[in-house]
Amino acid sequence: MEGAEKFGIRRMRFTRDCFARSRRMAHGRWFYRARTPLIYEWLSSRACKPLRQHGIRHAQISFGLLQNARVDEEYILKLLPELPAGDSELTRIRPLDEFKHEFDGSSVPRVKELVKNSASN
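**A look at the overall build of the chain**
Stage number 1. Looking only at helices and strands, the chain has five helices and two strands in total.
Stage number 2. Its helices and strands in sequence order give the chain the pattern α-α-β-α-β-α-α, from N to C terminus.
Stage number 3. A burial count over the chain gives 31% of its 121 residues as buried.
Stage number 4. Of the contacts formed within the chain by residues at least 6 apart in sequence, a portion of 80% connects residues at least 24 apart.
Stage number 5. A total accessible area of about 8100 Å² is found for the chain, and carbon and sulfur atoms account for 55% of it.

Shown next, in the form of C-alpha cells:
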C-alpha cells in the first residue's frame, strides 16, 4: 500500500469468488472449491479497509477462479443472469494457447447477445 500512490495505482485486481453462486453453476473438485474461497475471503477481508483508505477501486466480486479452466460458454451463460449489481470480474488465468475454449466461450454469439440484452436493461 505504501507504494500505491507513488506508482499511480488506482485500481487493483481483487479475487473474491462467491462460493454460493459458484456451487450452483459448477461441478467437480469440491474440496478445492470449498477451501479456496475461504482462503480468498479471509485475505480479501483483510485488504478491503486499506484499499478503501487509499482510494483504490476493485471489482466487488470475481467469478471463474473456482472453475479451474472451465470458464466455457455453458458457465458464462449460467453466470450472466446471476451477476449482482456493481462491478464484477471474470477471472481466466490460463494461457490462451492451452485453454482456447475459455476465450471462445466468452465470444460466441449466444454470450454476446445475452451481454447486449443485459446491458440494455
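**Regarding a nonpolar patch on the surface**
Stage number 1. A contiguous nonpolar surface patch, about 390 Å² in accessible area, is contributed by Met1, Phe7, Ile9 and Met12.
Stage number 2. Its place among the elements puts Phe7 in the segment before helix H1 (19-25).
Stage number 3. The class of Phe7 is exposed, set by a relative accessible area of 63%.

**Brief notes about the nonpolar core**
Stage number 1. Ile61, Phe63, Val71, Tyr75, Ile76, Leu77, Leu79, Leu80, Val108 and Val111 together form the largest nonpolar core, which totals ten residues.
Stage number 2. Only strand S1 (61-63) and helix H3 (73-79) provide two or more residues apiece to this core.
Stage number 3. When residues of this core are assigned to their parent elements, the largest contribution, four residues, is made by H3.
Stage number 4. Listed in part, the five residues of the second largest apolar core include Ala4, Phe14, Cys48 and Ile56.

Conventions adopted
- One numbering rule holds for all chains: residues counted from 1, following each sequence as written.
- Local features are withheld for residues below a pLDDT of 70 in this predicted model, meaning they are given only at 70 or higher, and side-chain atom pairs are given and counted only at 80 or more; totals for whole chains, interfaces and linings count all residues.
- Only heavy atoms go into the side-chain values, all of them from the structure, while hydrogens and water stay out.
- Elements are defined by DSSP. Helices are runs of H or I of four residues or more, strands are runs of E of two residues or more, and each kind is numbered from the N terminus.
- Three labels apply to residues, based on accessible area from a 1.4 Å probe with only protein chains included: buried if under 20% of the type maximum, exposed if over 50%, partly exposed otherwise in between.
- Only heavy atoms enter the contact rule, under which two residues are in contact if any of them lie within 4.5 Å.
- In this description, accessible areas are obtained by the Shrake-Rupley approach with a 1.4 Å probe, and a residue is regarded as covered only by the protein chains that are shown.
- Within the patch definition used here, like charges are joined within 9 Å and nonpolar side chains (Val, Leu, Ile, Met, Phe, Trp, Tyr) within 5 Å, considering only residues with over 30% relative accessible area and no salt bridge.
- Salt bridges, as used here, are contacts in which a Lys or Arg side-chain nitrogen is within 4 Å of a carboxyl oxygen on Asp or Glu.
- Buried Ala, Val, Leu, Ile, Met, Phe, Trp, Tyr and Cys residues that are joined via side-chain atoms within 4.5 Å together make up what is termed a nonpolar core.

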